[in-house]
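Chain by chain, the residues:
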Amino acid sequence: MPSNASNDANIAAAIEKWFQGAARELPWRAEDSPWGRLLSEFMAQQTQIERVAEKWTAMVDRFPAPISMAEADLNDVMLLWQGLGYYRRARYLKEASEQICSEFGGEVPQTVEELLRLKGVGKYTAGAIASIAFNNRVPIVDGNVHRVVCRLANEGSKGVNDAWTWDRATNLVEQCSSPSLLNEGLMELGATVCMSKNPKCHACPVQSNCEAFKNETQLDVPKPKATKSKQVEFHYAVLFCKQGKIALEHRSQTELWGGMWQVPTIESIRKLTQKEVSSHFKVQGKLLKLGSFKHTLTHKSIEFHVFESPHESAEQLKWFDVDSLSELPFANAQKKVLSYKELAD
Ligand code: SF4
């Protein structure tokens, strides 16, 4: 499809109009503050929107402004982040809140250039906040927008480069009435109508402008990204409990699930024998097997094996009151480990 200003203006107008009637009810849309939008963008990266909606209200209630997060303990942010995964984002969010206070007077900055200075903010997030929260005429491209613009132009059956997609998003935003409505509408269209496997073309506001629809190539465009095979790991978690206390470890900030807590766990790229697990924790005697489960992340698949030790460990363990577990953040996989002893909330 040749990009021309009048066609782009028609597409933009149709999406803006459609979005005003079709937008899903999401809590950050109702509140509509720059800080609330920034929180939602951090929380929504690679996470299902339904899960973000469940967590966002608690986050904004606890941290109603950048200053409240900047002055809080990182542990408090991590606690509310539990279940969202990608915990590095929570640390970046905390750092971004501190930058907003130290460099921008406590107000979320408005331009892409300023937003890009914040920790954890890339080109997409900066564009989303600048356009949606401040109605600046700047483009955004995420996976949903990429799919929609490729299909509208029937481009990308062999892949397109990022520059092409950003150019198309720029053409559209230059022709729209409201960058905020257009950009959020484009993302919403990709998420709820122009879905990857079963696009609902019959309900699409830009069907008459869509070259992929005309050529019946919706499912070939854009070309799906080649998926890498997942790395497999084996984690052996051992519950040491005594007199209302449980042994826990704190994960370092730089690794997977950084800053979260866990029961003592060994991570291995090969299967370990029970004897190897006992000897790692310096336990004399057999461990009690409680169960196993698979935990899948985007880049790896982890087999968890959960044990309880009826014996003391010769290791120096850190002990915590079982009653205080709700004050510590755990990743979902470790909550599942705790659930074997009914210790997870
Ligand atoms: S007509 Fe179909 S393929 Fe084209 S943009 Fe709409 S939903 Fe996507």
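In this report, we go over the structure that sits alongside the text. Since this is a predicted model, take the numbers as computed values, not measurements.

Looking at the site of the ligand
Right, on to step 1. Close contacts around the ligand come from Arg151, Cys194, Cys201, Cys204, Gln207, Cys210, Phe213 and Gln218, and that covers them all.
Right, on to step 2. Classifying every residue of the shell around the ligand by side-chain character gives 5 nonpolar, 2 polar and 1 charged.

Observations concerning the pattern of salt bridges
Right, on to step 1. On inspection of all chains with the given rule, the structure shows 18 salt bridges.
Right, on to step 2. Its salt-bridge partner being glutamate 233, residue lysine 300 comes within 2.7 Å of it at the nearest N-O pair. One end of the pair, lysine 300, is in strand 7 (residues 300-308); the other, glutamate 233, is in strand 1 (residues 231-239), with 67 residues separating them in the sequence. Here lysine 300 and glutamate 233 have matching classes, each one buried.
Right, on to step 3. Between glutamate 308 and lysine 341 there is a salt bridge; the shortest N-O distance is 2.9 Å. With glutamate 308 in strand 7 and lysine 341 in the segment after helix 15 (332-339), this pair connects stretches of sequence that are 33 residues apart.
Right, on to step 4. What emerges from the salt-bridge pattern is a single network uniting Arg24, Arg29, Asp32, Arg37, Glu184 and Glu188.

Considering the sheet that holds strand 1
Right, on to step 1. Strand order in the open sheet made by the 4 strands is 5-1-7-6, with mixed pairing throughout. Each of the sheet's edge strands pairs with one partner strand only, and the pair in question is strand 5 (265-268) and strand 6 (288-296). Across this sheet, the average inter-strand angle for adjacent strands is 20 degrees, counted without regard to direction.
Right, on to step 2. Direction of pairing for strand 1 relative to strand 5: antiparallel, over a ladder of 4 bridges. Within the sheet, the bridge partner assigned to tyrosine 236 lies in strand 5 and is isoleucine 266.
Right, on to step 3. Of the strands in this sheet, strand 1, strand 5, strand 6 and strand 7 touch helix 15, which is tilted by about 155 degrees from strand 6.

Brief notes about the nonpolar core
Right, on to step 1. Within the largest apolar cluster, 56 residues are counted, with the highest numbers of intra-cluster contacts made by Leu38, Trp81, Leu248 and Trp257.
Right, on to step 2. The element contributing the most residues to this core is helix 3 (residues 34-44), with 5 residues.
Right, on to step 3. Inspection of this core shows a minimum of three residues originating in each of domain 1 (5-220) and domain 2 (231-339).
Right, on to step 4. In contact with tryptophan 257, other than residues within four places in its own chain, are Tyr87, His235, Arg251, His295, Leu297, Ile302, Phe304, Ala331 and Ala333.
Right, on to step 5. By size, the runner-up hydrophobic cluster in this structure holds 29 residues, among which are Ile15, Phe19, Cys176 and Leu186.

Parameters and conventions
- Residues numbered from 1 in each chain as written.
- Predicted model: local features only at pLDDT ≥ 70, side-chain atom pairs only at ≥ 80, totals over all residues.
- Heavy atoms only, no water.
- Near = heavy atom within 4 Å.
- Nonpolar A, V, L, I, M, F, W, Y, C, P; charged D, E, K, R; others polar.
- Salt bridge = Lys/Arg side-chain N within 4 Å of Asp/Glu carboxyl O.
- Helix = DSSP H or I, 4+ residues; strand = E, 2+ residues; numbered from the N terminus.
- Buried < 20%, exposed > 50% of the residue type's maximum accessible area, 1.4 Å probe, protein only.
- Pairing = 2+ DSSP bridges.
- Axes fitted to C-alpha atoms, helices over the stretch in contact; angles between N-to-C directions.
- Contact = heavy atoms within 4.5 Å.
- Core = buried A, V, L, I, M, F, W, Y, C linked by side-chain atoms within 4.5 Å.
- Domains from an automatic or database assignment.

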